[in-house]
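Each chain is listed here by its residues.
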Amino acid sequence: MPKPGEWNAFDPTWGQLVALAMADLKVRQLDDRVASALKDRAGRKGVSLEEEVRTTLAASVDARRAAFLRRAGAIRNSSGAKGTTRLESTRLIRRERDDRG
């Protein structure tokens, strides 16, 4: 966890402050199949195993973020016209209020 003052970037996608430091990660008890597949893939691409693991993890996180943004967009689109905060319920409440005078 960053110390006070180390939060030095704003992630607009998640709306949070993030630290720009890189993390070290050690994976224990990784299935031999997975390790072998990653080594093979790294060899075919001509990159180190470490680079292939970084790329694979980043792609996984990016895919989850993209899926979240698609779901959020679908919900937002189904709730009203783009750029408006008015929902169908808002229109109904206003109509009922106006009908009562």
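Heads up: the structure comes first, above all this text.
Notes on the structure follow. (Residues numbered from 1 in each chain as written. Predicted model: local features only at pLDDT ≥ 70, side-chain atom pairs only at ≥ 80, totals over all residues. Heavy atoms only, no water.)

## Brief notes about the pattern of salt bridges
Here is the rule: Each reported salt bridge corresponds to a side-chain nitrogen of Lys or Arg within 4 Å of a carboxyl oxygen of Asp or Glu. A run of DSSP states H or I qualifies as a helix once it reaches four residues; a run of E qualifies as a strand once it reaches two. Both are numbered from the N-terminal end.
Scanning the model with the defined rule gives 6 salt bridges in all. With a closest N to O distance of 2.5 Å, Arg 54 and Glu 51 form a salt bridge. Separated by 3 residues within a single helix, Arg 54 and Glu 51 lie in helix H2 (residues 49-78), roughly one turn from each other. A network of salt bridges, in which partner residues are shared, links Arg 41, Lys 45 and Glu 52.

## Re unusual backbone geometry
For residues other than glycine, phi is negative in most cases, and the peptide bonds are mostly trans. Here is the rule we go by: In this scheme, a residue with accessible area under 20% of its type's maximum is buried, one over 50% is exposed, and one in between is partly exposed, where area comes from a 1.4 Å probe on protein chains only.
Even without a glycine there, the phi angle at Gln 29 is positive, about 55 degrees. On the basis of relative accessibility, which here comes to 84%, the residue Gln 29 falls in the exposed class.

## Details of helix H3 (residues 88-100)
Cut-off, in case you're wondering: One less than the number of residues in a helix, times 1.5 Å, gives the span that helix is expected to have.
The first and last C-alpha atoms of H3 sit 19 Å apart over 13 residues, in line with the 18 Å expected at 1.5 Å per residue. Note on H3: the residue one or two positions beyond its end, Gly 101, has a positive phi of about 90 degrees.

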